[in-house]
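Below are the chains, spelled out letter by letter.
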Amino acid sequence: MPSKSSMICPAPSHSIVITSDGFMAPCCIYPLKNHSFKDLNIKEKKSDDLYKTFSHLSKTMDQGGIPLECKVCFKKESEGLISRRLSILKNFKKNHNPETYKRFHAEISFSNHCNLNCAMCNAHFSDKWTQTHKLFSNSKSDSLKKYHKDFIQTTHSHFIPKEEVVSLAKLLDGVQFIELLGGEPLLYPHLDTFLSTLSRNPSPPELVLPTTNLTVLNKKIINTLKDSKLRFTFTISLDGTNETYDYIRGFPFKKVNENIDALLSQDFTQSVFINPTFGFLNSLEYPNLFNWIEGKKSKRKIKVKAQQFLRAEEPTSFIALPENIRDEHIEILKKFSLPPDNQKELQTVIHHIQAFPKGSKENFKEAFEFIQVFNQHRKLDILEINPSLKYLTQYS
């Protein structure tokens, strides 16, 4: 019978997050600097040792308390939003198979090396942003300048070396679902070693779940995935179609669309989820993504997930939408009639726009300055691509 704590939040006892800069946590919300993965001698550890790291959180929950590090989820829920805790709990109840797999989930970030500098990203997740942050060095806004300067000063390239990733793969024996993140995980040079080691474990994972921009897919990577004999569900980071995608990701939508078709044709692909990150640049894109997916003929499951929303302190978040523009965007989105599952996802987007903190004139000025810099950088004009953002010109 599941413990009381695993029914409050299963993450402390059934999930582990390991980052390429040497930290670990029970989930992506937990303060990462609290526990160092590098301090563990992983060659001498077993899977149970790894997953016992956060047993103190489970103990607090079993006693009816809420750990200090976990209060952020409960606060989010009190505001009517879907927290990471609720997402994990729903997934755990629906999918965990305790008879076959002792642990439920692991999330591994191999490195922060990436080939893209997406508009809403930063150097912690993409080393290509190291230079992009410098474009804002002469910003008129002190907060925008500080935001980018902090990443320049505190972020460096990080990477899990080959010998560690082999030991890590062995530690993940008996873990049901293993997520692979980056950076861009398909660029990791030891991906083949990691996957082949996983597949030789006595109890290999039910599914491996890479989160990828899928721009680097080629025959070599396809063969690496195929040769592992593992099954994959892919989460593809894609924030819009056509020119909206080109602007946000800095890569041709036509090419990534071809790569998605190639992936869907592979037997190792169980399903594909399209995972947009929503902010003011693409607040109206959910119906476009749905219609694009509906046009694909595939025997594989493909679906949009509306789960990623930028935080208020990030320059391209919904905070750049004044109330009257938010209302306009919401009314536009409400006019779409989609199948029930997708309508629910669309309602999630609408709810997040409605619930977001109110912006100030300073926020709107920062948003306009951001798009001025990025328009020049991308050699595209987001105001032409998305005319609903032309209100920002009054804050020049």
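Cut-offs applied
In this convention, every chain numbers its residues from 1, walking through the sequence in written order. The model is predicted, so local features are restricted to residues of pLDDT at least 70 and side-chain atom pairs to those at 80 or more, both for listing and for counting; the totals for chains, interfaces and linings are taken over all residues. For side-chain calculations, the full set of non-hydrogen atoms in the structure is used, while hydrogens and water are omitted. For each residue, the accessible area found with a 1.4 Å probe, counting protein chains only, is set against the maximum for its type, and the residue is called buried under 20%, exposed over 50%, and partly exposed in between. In this description a helix means any DSSP run of H or I spanning at least four residues, a strand means any run of E spanning at least two, and both kinds are numbered starting from the N terminus. Contact criterion: two residues are considered in contact whenever any of their non-hydrogen atoms come within 4.5 Å of each other. Pairing of aromatic rings covers Phe, Tyr and Trp, the last counted by its six-membered ring, and requires centre-to-centre distances within 6.5 Å; plane angles under 30 degrees mean stacked, over 60 mean edge-to-face, and any other angle means tilted. By this definition, two strands are paired if DSSP reports at least two bridges between them. Assignment of crossover handedness uses the view with strands pointing away from the viewer, where a clockwise path from the first strand over the helix to the second indicates a right-handed crossover. Like-charged residues within 9 Å of one another, or nonpolar side chains (Val, Leu, Ile, Met, Phe, Trp, Tyr) within 5 Å, are grouped into patches, provided each residue has over 30% relative accessible area and no salt bridge. The Shrake-Rupley method, run with a 1.4 Å probe, gives the accessible areas here. Residue values count only the displayed protein chains as cover. For salt bridges, the criterion is a side-chain nitrogen of Lys or Arg within 4 Å of an Asp or Glu carboxyl oxygen. Under the convention used here, Asp and Glu are negative, Lys and Arg are positive, and both His and the chain ends fall outside the count. A charged residue contributes its charge at one atom only: NZ of Lys, CZ of Arg, CG of Asp or CD of Glu. Note on method: axes are straight lines fitted to C-alpha atoms, helices fitted across the in-contact stretch only, with angles between N-to-C directions ranging 0 to 180 degrees. Between 65 and 115 degrees an angle is taken as roughly perpendicular, under 35 as roughly parallel, over 145 as roughly antiparallel, and anywhere else as oblique. Should the near helix be turned counterclockwise from the far one by less than a right angle, the crossing is left-handed, whereas a clockwise turn marks it as right-handed. Polar here means any residue outside two lists: the nonpolar Ala, Val, Leu, Ile, Met, Phe, Trp, Tyr, Cys and Pro, and the charged Asp, Glu, Lys and Arg; Gly therefore counts as polar. A residue's pLDDT is the confidence the predictor assigns to it, expressed on a 0 to 100 scale.

K.L.:
Give a description of helix α12 (residues 242-249) that names residues and reports values.
P.N.:
Where α12 is concerned, the buried positions are T244, Y245, Y247, I248 and R249. In this fold, the buried residues of α12 make contact with α13 (253-264), α17 (361-378) and α18 (382-385).

K.L.:
I'd like a rundown of the packing of aromatic side chains, residues and numbers included.
P.N.:
One pass over the full model with this rule turns up 20 aromatic pairs. Their ring planes at 85 degrees and their centres at 5.3 Å tell us that F92 and F104 sit as a pair that is edge-to-face. Linking F92 in helix α6 (residues 84-95) with F104 in strand β3 (residues 103-109), this pair joins segments that are 12 residues apart in sequence. The same class applies to F92 as to F104, namely buried. Pairing F110 with Y188 gives two aromatic rings, centres 4.1 Å apart and planes at 0 degrees, and the pair type is stacked. Residue F110 is located in the loop between β3 and α7 (129-132), and its partner Y188 is located in the loop between β4 (175-181) and α10 (191-200); the two are separated by 78 residues in the primary sequence.

K.L.:
Can you explain the environment of A11? Please cite residues and give values.
P.N.:
Looking at the secondary structure, you find A11 in helix α2 (residues 11-14). Through-space distance from the C-alpha of A11 to that of L171 is 17 Å; in sequence the pair is 160 residues apart. In contact with A11, other than residues within four places in its own chain, are P26, C27 and I88.

K.L.:
Requested: an account of the pairing of strand β5 (residues 207-212), with residues and values cited.
P.N.:
The side chains of a regular strand alternate, first on one face of the sheet and then on the other. Of all six residues making up β5, six are buried, and the element is well covered by its neighbours. Burial of β5 is two-sided: the residues L207, L209 and T211 facing one way and the residues V208, P210 and T212 facing the other way are all buried. Relative to β5, β4 runs parallel, the two being bridged by four bridges. Across the sheet, residue L180 finds its bridge partner in β5, namely P210. As paired elements, β5 and strand β6 (residues 232-236) share three bridges and run parallel to each other. Along β6, the bridge assignment pairs T211 with T235. Tracing the backbone out of β5, into helix α11 (residues 219-227) and back to the parallel element β6 gives a crossover that is right-handed.

K.L.:
Tell me what's going on with a positive patch on the surface, and back it up with residues and numbers.
P.N.:
Where like charges cluster on the molecular surface, the positive patch consists of K90, K94, K301 and K344. On the secondary structure map, K344 appears in helix α16 (residues 340-355). The exposed category is assigned to K344, whose relative accessible area is 58%.

K.L.:
Explain the packing of helix α9 (residues 162-171) against α10 to me, and be specific about the residues and the numbers.
P.N.:
One way to put it is that α9 packs onto α10 with a least axis distance of 8 Å and a crossing angle of 25 degrees. Classed by the angle they form, the pair α9 and α10 counts as roughly parallel. Like other packed secondary-structure pairs, α9 and α10 cross with a definite hand, here right-handed. Contact residues: K162, V165, V166, A169 and K170 in α9; T193, F194, T197 and L198 in α10. Of the residues in the contact of α9 with α10, the class split is five nonpolar, two polar and two charged.

K.L.:
I'd like a description of the sheet that holds strand β9 (residues 301-304), backed by residues and values.
P.N.:
With mixed pairing, eight strands are arranged side by side in an open sheet as β2-β1-β3-β4-β5-β6-β7-β9. Edge strands, defined here as strands with exactly one partner in the open sheet, are β2 (24-25) and β9. Relative to strand β7 (residues 269-274), α13 is tilted by about 150 degrees, and along the sheet it contacts β6, β7 and β9.

K.L.:
Describe the confidence of the model for the protein chain, with residues and values.
P.N.:
In this model, the protein chain carries a mean pLDDT of 91, and residues with pLDDT of at least 70 account for 95%. Ranking the elements of the protein chain by mean pLDDT puts helix α1 (residues 4-8) last, at 74, and β5 first, at 98.

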